[in-house]
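In case you want the letters, here they are:
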Amino acid sequence: MATPPDQSLIEYPSAFPIKVMGARADGFVEAVVMIARQFDAGFDPATVELRPSKAGNYLGITVTVTVTSRDQLDELYRTLSTHPMVKVVL
């Protein structure tokens, strides 16, 4: 059930940081950036933050996208969550 706009805790448009975690593998960062660009045409890849896990097997990627609606944000989370390289989206 959709949250009415007047009950949302987020004001739109909004710069929204999303943390994506997955195995450290070739193409992972590029895949996340490509998805971010699908939802935010003005997304700047230079703003991507990377944090490797202590053992270096996993990578945390923070992307900050400009979202214009709750539906857009929900669809972005769904798209990221269903990507085969992604383990967790926060």
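Refer to the structure presented above.
What counts as what
- Residues numbered from 1 in each chain as written.
- Predicted model: local features only at pLDDT ≥ 70, side-chain atom pairs only at ≥ 80, totals over all residues.
- Heavy atoms only, no water.
- Helix = DSSP H or I, 4+ residues; strand = E, 2+ residues; numbered from the N terminus.
- Expected span 1.5 Å × (residues − 1).
- Buried < 20%, exposed > 50% of the residue type's maximum accessible area, 1.4 Å probe, protein only.
- Contact = heavy atoms within 4.5 Å.
- Salt bridge = Lys/Arg side-chain N within 4 Å of Asp/Glu carboxyl O.
- Axes fitted to C-alpha atoms, helices over the stretch in contact; angles between N-to-C directions.
- Parallel < 35°, antiparallel > 145°, perpendicular 65-115°, else oblique.
- Left-handed = near helix turned anticlockwise from the far one by under 90°.
- Nonpolar A, V, L, I, M, F, W, Y, C, P; charged D, E, K, R; others polar.
- Pairing = 2+ DSSP bridges.

Moving on to unusual backbone geometry. Cis geometry is adopted by the peptide bond preceding Pro13, which originates at Tyr12 and carries an omega value of -5°. Note on placement: Pro13 falls in the segment before strand 1 (14-23).

What follows concerns helix 1 (residues 28-39). Here helix 1 is twelve residues long and its end C-alpha atoms lie 17 Å apart, about the 16 Å a rise of 1.5 Å per residue gives. For helix 1, every residue scored as buried is listed here: Phe28, Ala31, Val32, Val33, Ile35, Ala36 and Phe39. Packed against the buried residues of helix 1 are strand 1, strand 3 (58-67), helix 2 (70-81) and strand 4 (86-89).

Let us now look at the pattern of salt bridges. Counted according to the given criterion, the structure contains three salt bridges. A salt bridge links Glu49 to Arg51, with the shortest nitrogen-to-oxygen separation between them at 3.2 Å. Judged by relative accessible area, Arg51 falls into the partly exposed class, the value being 44%. With a shortest N-O distance of 3.1 Å, Arg78 and Glu75 are connected by a salt bridge. Separated by three residues within a single helix, Arg78 and Glu75 lie in helix 2, roughly one turn from each other. On the basis of relative accessibility, which here comes to 47%, the residue Arg78 falls in the partly exposed class. We classify Glu75 as partly exposed; its relative accessible area is 34%.

What follows is about the packing of helix 1 against helix 2. Direction vectors running N to C along helix 1 and helix 2 enclose 160°, while the axes themselves pass 10 Å from each other. The angle between helix 1 and helix 2 places the two elements in the roughly antiparallel class. Here the hand of the crossing between helix 1 and helix 2 comes out right-handed. The segment helix 1 lies against helix 2, with Val32, Ile35, Gln38 and Phe39 engaging Gln72, Glu75, Leu76, Thr79 and Leu80. Classifying every residue of the contact of helix 1 with helix 2 by side-chain character gives five nonpolar, three polar and one charged.

Let us now look at the pairing of strand 1. Note on strand geometry: in a regular strand, side chains alternate between the two faces of the sheet. Of the pairings in the sheet, the one linking strand 1 to strand 3 comprises ten bridges and is antiparallel in character. If you follow Pro17 over to strand 3, its bridge partner there is Thr64. Across three bridges, the pairing between strand 1 and strand 4 is antiparallel. Counted as the bridge partner of Met21 is Val88 from strand 4.

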